[in-house]
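Read off the chains here:
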Amino acid sequence: MALAITAALASLSAPVAAQEQAPAADRPAGSAPVSLASQWRVALHYGADAPLEQLRAFDVVVVEPSHGQDPLAYIKDSAGHSQLYAYVSVGEVRDSTPGDSPIPASMLVGTNRVWHSKVIDTAHPDWPSALLDRLIAPLWARGFRGFFLDTLDAWQTLPGDDSIREQRRQGLIRAIRLIKQRYPGAQLIANRGFEILDEVAPMLEAVAAESMYGRWNQTSGRYERVPDQDRQWLLARFAHVRSLGLRTLAIDYAPETDRAGQREIAERILAHGITPYVSNGALNTIGTGVVQLQPRTVLLVHDRPAGVQDQQLVAHRLVTMPLQYLGYQVQRLDMTAHPALPASLRDRYAGIVAVFQESLPAQAAQSWLELLGRARADGLPIAVLNDLGTPAGRGIAEILDLKRPARPVGSPLALAAGASSLKGFETEVLPARPPTTITAGEGAQTGIRMRDRLGQFIDTVAWTDWGGFALAPHAWRAYDMGENWVIDPIAFLARALSAGGLPFAPDVTTENGRRLLLVHVDGDGFASRAELPGAPFAAGVMLDEFINRYRVPHTVSVIEGEIGPSGLYPELSPALEGIARSIFALDHVEIATHSYSHPFFWRAAAHISANGNEPPAPGMTTDAYDRKAPHLPIPGYRFSLAREITGSADYINRRLAPEGKRVRMMLWTGDCNPPAEAVALADQAGLLNMNGGDTTITQRAPSLGRVAPISIRRGGRLQVLAPNQNENVYTNDWTGPFYGYERVIETFELTERPRRLKPINVYFHTYSATRPASIAALHRVYRYALAQPTFPVFGSDYAAKVRDFESMTVGRVLAADGEPPDAITWEIRGNGQLRTLRIANDLLARIDWQASPGIAGYWRGSDGTYLHLGGSQARLRLLSKANQAQAPPLLAWSDARIDSLQRDPRSLQFRLKAGNKAHIALRHQAHCQVAIGGKAILARRQATDDGPSQVPIYTYGIPRDAARSGTLVSVHC
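Residues numbered from 1 in each chain as written. Predicted model: local features only at pLDDT ≥ 70, side-chain atom pairs only at ≥ 80, totals over all residues. Heavy atoms only, no water.

**A few points about the overall build of the protein**
When helices and strands are tallied, the protein shows 24 helices and 52 strands. In terms of C-alpha radius of gyration, the protein reaches 31 Å, essentially the compact-globule figure of 30 Å for 973 residues. Once the C-alpha set of the protein is aligned to its principal axes, its extents read approximately 100 × 80 × 75 Å. When each of the 973 residues of the protein is scored for burial, the buried share is 61%. Surface exposure of the protein reaches about 36700 Å², of which carbon and sulfur atoms provide 50%. (Helix = DSSP H or I, 4+ residues; strand = E, 2+ residues; numbered from the N terminus. Rg over C-alpha atoms; globule rule 2.2 N^0.38 Å. Buried < 20%, exposed > 50% of the residue type's maximum accessible area, 1.4 Å probe, protein only. Areas by Shrake-Rupley, 256 points an atom, 1.4 Å probe, with all protein chains shown as cover.)

See the structure below:
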């Protein structure tokens, strides 16, 4: 991680000093330093596949509404930080407009041959109402509340005398006034329209204009520099706009691959006090505004052996978790499925990681080479694992600057002395003959190099100027319990992707420095009898032995078909439902459904329901058909995804949940391999989902390959994977030993050190309360978990963090007047659920705390420093050397959530809320005054500082009632 961070800072800090400010000649006389905190963030993206999750880094995103975006869902998903504006062409109608033209042909009086559009006669008496009824009203009904009004000056290209020109100008004025009359809440941005500005200014939010420094010539298809006289004219127009109290937006153009050039132009525009946005000529890539988006998505390219499902892919099992640990979102691309290649790369991907189990078929190999060539041309970091995907022939050798041995490789092979710097990570490095024999190009640093008997070199692991490769047999090695890594995959990928890396990683394992603790229960065995005196129901034993005893958040589910009156045991239903009501009434229990019939094989059940016992679809597991038992045998039931998910949740809400409490989660059952339609149903019902994943790392099998990713995509929908596995795995499918679940403690320990990879997740079925050995084991697990310094959360809280991880945006703030030339400032935006950034320990001293609002403090862990976010937005400024200023009071750790964060050089204030008694630790000097709930509090004890500032740490306890009501904590120095 440190390697990636250092390289990223080095690559990004170099141009800052040179591009910090626009030349003095370009800056308006007497202009004040630009305040970045108050700058408006605007982006324009007209592409059909606009990456809306990434574009949330901007306050306003102008989109082409014909692509079907949902503006209401967007603003909700972005926690209100970003909203979509609809592009509306006011003065022209494009020939490519689908269907009938929105404007009657009688109003079209000219042609714009450059843009292939028809020009509207704005003097037509019916045109204002046509604009409103046919364009604005449908967009308003869809939820758009902002509109980008383009082509306002198209009428000037039409012939006519002064009288008709004035009529056309007045028509525009009437149209804009009519929009605001009918929709007073509409936010309007005018693109130019300087000729009508004085009359319509009260109706506008902002005025935009194109081409201040860089422009796009549509006729020649080239980017050009704007002449000085044109820029000066535009600056004068913008000065008039500002005098009217309106915002200004300059839209400029530069190639999408020239991120440095885009940044330079944007900084020059910003130096004038004008909001910039610089993108490509088609405005269909992510450009540069007040922030330059730092892509977090890695394109994970892979093959797919026949019959292998998504969760079984090596790319998913072995490589996704390391990438997510490094802070990357993962987007898979199956080359064997002949996919359409992404239209753009550099603006939305942090890198490409290729994982092939063998060489690709010819057509797929050709597509892979095309993608690889584009990535190299765009300067995108590339990492290749296990196999190159195509024989090391001329094509890939040229693209990646690889060399092939001049003669056939002769055995035996030996590790090259001094050139093989890597030791085996989970298994030893053996000088075995690789399937691919290559040598890295000039300037590469080898990790593992071998020499044959002829003196020829073969590289299997190397880092290069384009990224790096780790090829068989020195990526991983298969064994009887899975795979062992020869290399450290996290360290290898961090270094290979360093050019596209971040200086921190969003982290879902931790909040306020404490490791998350979640407990969740699958409802299986609710009706089982325990092997205890009186043979009580397992559900009652679970309630008494665990839920009532260990009063931490629990997520508890039931299977309707097991306990409901229409299920397998109608005669037991009254008693079982009574126990469920008692559990669900507890404050520290949230409600989940575990389906209606507990599908064992989700896809097979759906297939059989639709097709009877026809042969399985290609790639579908066949064991469901062999067993003829895809779900519980509930009499008369025909499988239905809706009945399993929304139907079972409705049953719980109607019959079992107390007033004011509803089902929060869908906990997947059986193979936990739901089809995309099932995940979509859960999403549409407002249910978070979890389960699946195979984190079963133990001392017997201590491989990272047994640590699952945090999530998997199902047709674009997100399935959240459980952090750990349940007792069924540790007891050999509940065949014994029944105390086996105590081995999950090994899993907890191995996913804490040397790296914190997972939260602590106590995950079991109700049937764990049936046997004395399993009950004793579960008590041991609870006691271990509660003895650790943790942050207790519900399962839904964890699932929400994973969803936030997938959509969190990071942007690098532009350098501007007043910014230190040696600083890099990052802006983070999420939905407020994920509250931790993990950063390398050596960067802690370089944080400029005064310019890092939204960050409450830090705690040093075994694998880095955890920065605590106080909400959904934050900034992090990193200096080029250690910060010499005295650190302000900061939060060291807390086991409860904080909100309403306020911090300045001498004070810290936040609200702290928890369901039980809470604890906090604060970093502050001895003379500082601390108040909790408005009452001055003395320090309880002093702890050893773990950071470079050497500021003492004081701990405080918060009573239960104060924590539950959200008490105010303040420090003043």
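**What about the environment of G468?**
Mapping G468 onto the fold places it in strand β24 (residues 467-471). Owing to a relative accessible area of 0%, G468 belongs among the buried residues under this scheme. As a C-alpha pair, G468 and M542 span 74 residues in sequence and 51 Å in three-dimensional space. The residues contacting G468, other than those within four sequence positions of it, are I382, A383, V384, A462, W463, F492 and A496. (Contact = heavy atoms within 4.5 Å.)

**Brief notes about the state of the cysteines**
Enumeration according to the criterion identifies one disulfide in this entry. Across the disulfide from C928 sits C973; the S-S distance is 2.0 Å. When the S-S torsion is 110°, as for the bridge of C928 with C973, the disulfide is right-handed. Of the two residues, C928 sits in the loop between β47 (918-923) and β48 (929-932) while C973 sits in the segment after β52 (967-972), which places them 45 residues apart along the sequence. Relative accessible area serves as the criterion here: at 9%, C928 is assigned to the buried category. (Disulfide = S-S within 2.5 Å.)

**Focus: the packing of aromatic side chains**
With the rule as written, the count across this model stands at 24 aromatic pairs. A centroid spacing of 6.5 Å and a plane angle of 15° characterise the contact between W140 and F147, whose relative ring orientation is stacked. In this pair, the class of W140 matches that of F147, namely buried. Above the face of the F537 ring, R529 is positioned so that its terminal group lies 3.8 Å from the ring centre. (Phe/Tyr/Trp six-rings, centres within 6.5 Å; stacked < 30°, edge-to-face > 60°. Lys NZ or Arg CZ within 6 Å of the ring centre and 35° of its normal.)

**Describing unusual backbone geometry**
For the bond running from S411 to P412, omega is 0°, close enough to zero to count as cis. Among the structural elements, P412 can be located in the loop between β19 (402-403) and β20 (414-415). In this chain, R753 is followed by P754 through a cis amide linkage whose omega measures 5°. By secondary structure assignment, the location of P754 is in the loop between α21 (744-750) and β36 (760-765). Its identity is not glycine, yet R192 carries a phi of approximately 65°, on the positive side. Mapped onto the fold, R192 is located in the loop between β8 (187-191) and α6 (197-200). Even without a glycine there, the phi angle at H338 is positive, about 55°.

**Examining the sheet that holds strand β43 (residues 873-878)**
Remark on secondary structure: sheet strands pair via backbone hydrogen bonds, oriented parallel or antiparallel. Spatial ordering of the open sheet is given by β14-β38-β39-β43, a layout of four strands whose pairing is antiparallel. The sheet terminates laterally at β14 (291-293) and β43, the two strands that pair on one side only. Within this sheet the neighbouring strands show an average axis-to-axis angle of 30°, counted without direction. Here strand β38 (residues 809-813) runs beside strand β39 (residues 824-829); their pairing, made up of four bridges, is antiparallel. Bridge pairing in β39 places T809 opposite R829. (Pairing = 2+ DSSP bridges. Axes fitted to C-alpha atoms, helices over the stretch in contact; angles between N-to-C directions.)

**Brief notes about helix α8 (residues 259-270)**
Side chains three or four residues apart in an α-helix point the same way, a direct result of the helix having 3.6 residues per turn. Relative to the 16 Å expected for twelve residues at 1.5 Å per residue, α8 spans 16 Å between its end C-alpha atoms, a close match to the ideal helical length. Most of α8 sits out of view: ten of its twelve residues are buried. When α8 is considered as a whole, its buried residues turn out to be R259, G261, Q262, R263, I265, A266, E267, R268, I269 and L270. (Expected span 1.5 Å × (residues − 1).)

**Focus on the pattern of salt bridges**
Taken as a whole, this structure holds 38 salt bridges when the rule is applied. Across the pair R317 and E483 runs a salt bridge, and its minimum N-O distance is 3.0 Å. Here the residue R317 occupies a position in helix α9 (residues 314-325), and E483 occupies one in strand β26 (residues 482-485), the gap between them amounting to 166 residues. We classify R317 as partly exposed; its relative accessible area is 27%. Its relative accessible area of 13% is what places E483 among the buried residues. Members of the salt-bridge network, linked through shared partners, are R304, D310, R332 and D334. (Salt bridge = Lys/Arg side-chain N within 4 Å of Asp/Glu carboxyl O.)

**A short note on the side chain of D150**
For D150, the location among the structural elements is in strand β7 (residues 146-150). For D150, a relative accessible area of 13% corresponds to the buried category. For D150, the side chain forms a polar contact with the side chain of N191, separated by 2.7 Å. What D150 contacts, discounting residues up to four positions off in sequence, is Y87, V88, S89, V90, G91 and N191. (Polar contact = N/O pair within 3.5 Å; in protein donor to acceptor, adjacent residues only side chain to side chain.)

**Observations concerning the sheet that holds β24**
On the basis of which strands lie adjacent, the open sheet formed by eight strands has the order β16-β15-β17-β18-β24-β23-β22-β20 and mixed pairing. Each edge of the sheet is formed by a strand with only one pairing partner; in this case those strands are β16 (329-334) and β20. Where strand β22 (residues 445-451) meets strand β23 (residues 457-464), six bridges bridge the pair, whose relative direction is antiparallel. Each residue of the ladder has a partner; that of Q445, found in β23, is W463.

**A few points about the nonpolar core**
One finds F526, M542, I583, F584 and V762 to be the most contacted residues of the largest nonpolar core, which totals 108 residues. The leading source of residues in this core is helix α13 (residues 538-547), at seven residues. Beyond its immediate chain neighbours, meaning those up to four positions away, I583 contacts F526, A539, M542, L543, I547, V556 and V589. Residues L44, F58, F194 and L246 belong to the second largest nonpolar core, which totals 85 residues. (Core = buried A, V, L, I, M, F, W, Y, C linked by side-chain atoms within 4.5 Å.)

**Considerations on the side chain of N691**
Mapped onto the elements, N691 comes out in the loop between β33 (688-690) and β34 (711-714). Within the local environment of N691, its side chain forms a polar contact with the side chain of H520, the two groups lying 2.9 Å apart. Aside from chain neighbours lying at most four places away, what touches N691 is H520, D522, H594, L667, W668, C672, Q719, V720, L721, A722 and Y763.

**Digging into the pairing of strand β25 (residues 476-479)**
Sheet analysis places β25 next to β26, joined by four bridges and oriented antiparallel. From the neighbouring strand, W476 faces β26, where its bridge partner is W485.

**Focus on the environment of A375**
Looking at the secondary structure, you find A375 in helix α10 (residues 362-378). Separated by 91 residues in the primary sequence, A375 and W466 have C-alpha atoms spaced 9.3 Å apart. Setting aside its immediate chain neighbours within four residues, A375 contacts L345, I352, L380 and I382.

**Looking at the packing of α13 against helix α22 (residues 772-787)**
It is the contact of α13 with α22, at a shortest axis distance of 11 Å, that shows an interaxial angle of 35°. α22 is crossed by α13, and the crossing has right-handed handedness. Two secondary-structure elements touch here, α13 through V541, E545 and F546 and α22 through I775, L778, H779 and Y782. A breakdown of the residues in the contact of α13 with α22 according to their chemical character gives five nonpolar, one polar and one charged. (Left-handed = near helix turned anticlockwise from the far one by under 90°. Nonpolar A, V, L, I, M, F, W, Y, C, P; charged D, E, K, R; others polar.)

**Observations regarding the pairing of β22**
With five of seven residues buried, β22 is to be regarded as a mostly interior element. Inspection of the sheet shows β20 paired to β22 by two bridges, in the antiparallel sense. Counted as the bridge partner of A414 is R451 from β22.

**Looking at the confidence of the model for the protein**
Averaged over all residues, the pLDDT of the protein equals 90, while 92% of them reach at least 70. With pLDDT under 50 throughout, residues 96-100 is counted as low confidence; its partners more than four residues away or in other chains account for one contact. Low pLDDT, under 50, characterises residues 621-627; the predicted model gives this stretch 13 contacts beyond four residues in sequence or across chains. (pLDDT = per-residue confidence, 0-100.)

**Quick word on the environment of R846**
Relative to the elements of secondary structure, R846 occurs in the loop between β40 (836-839) and β41 (855-861). Considering only alpha carbons, one finds R846 and K881, 35 residues apart in sequence, at a separation of 5.7 Å. A polar atom in the side chain of R846 sits 2.8 Å from the backbone oxygen of L879.

**Concerning the packing of α9 against helix α12 (residues 489-496)**
Look at α9 against α12: their axes get within 9 Å of each other, and the N-to-C directions meet at 60°. One element, α9, and the other, α12, form an angle in the oblique class. Seen from above, α9 lies across α12 with right-handed handedness. Residue-level inspection shows V319, P322, L323 and Y325 of α9 in contact with α12, the latter providing P489, I490 and L493. Counted by class, the contact of α9 with α12 contains seven nonpolar, no polar and no charged residues. (Parallel < 35°, antiparallel > 145°, perpendicular 65-115°, else oblique.)

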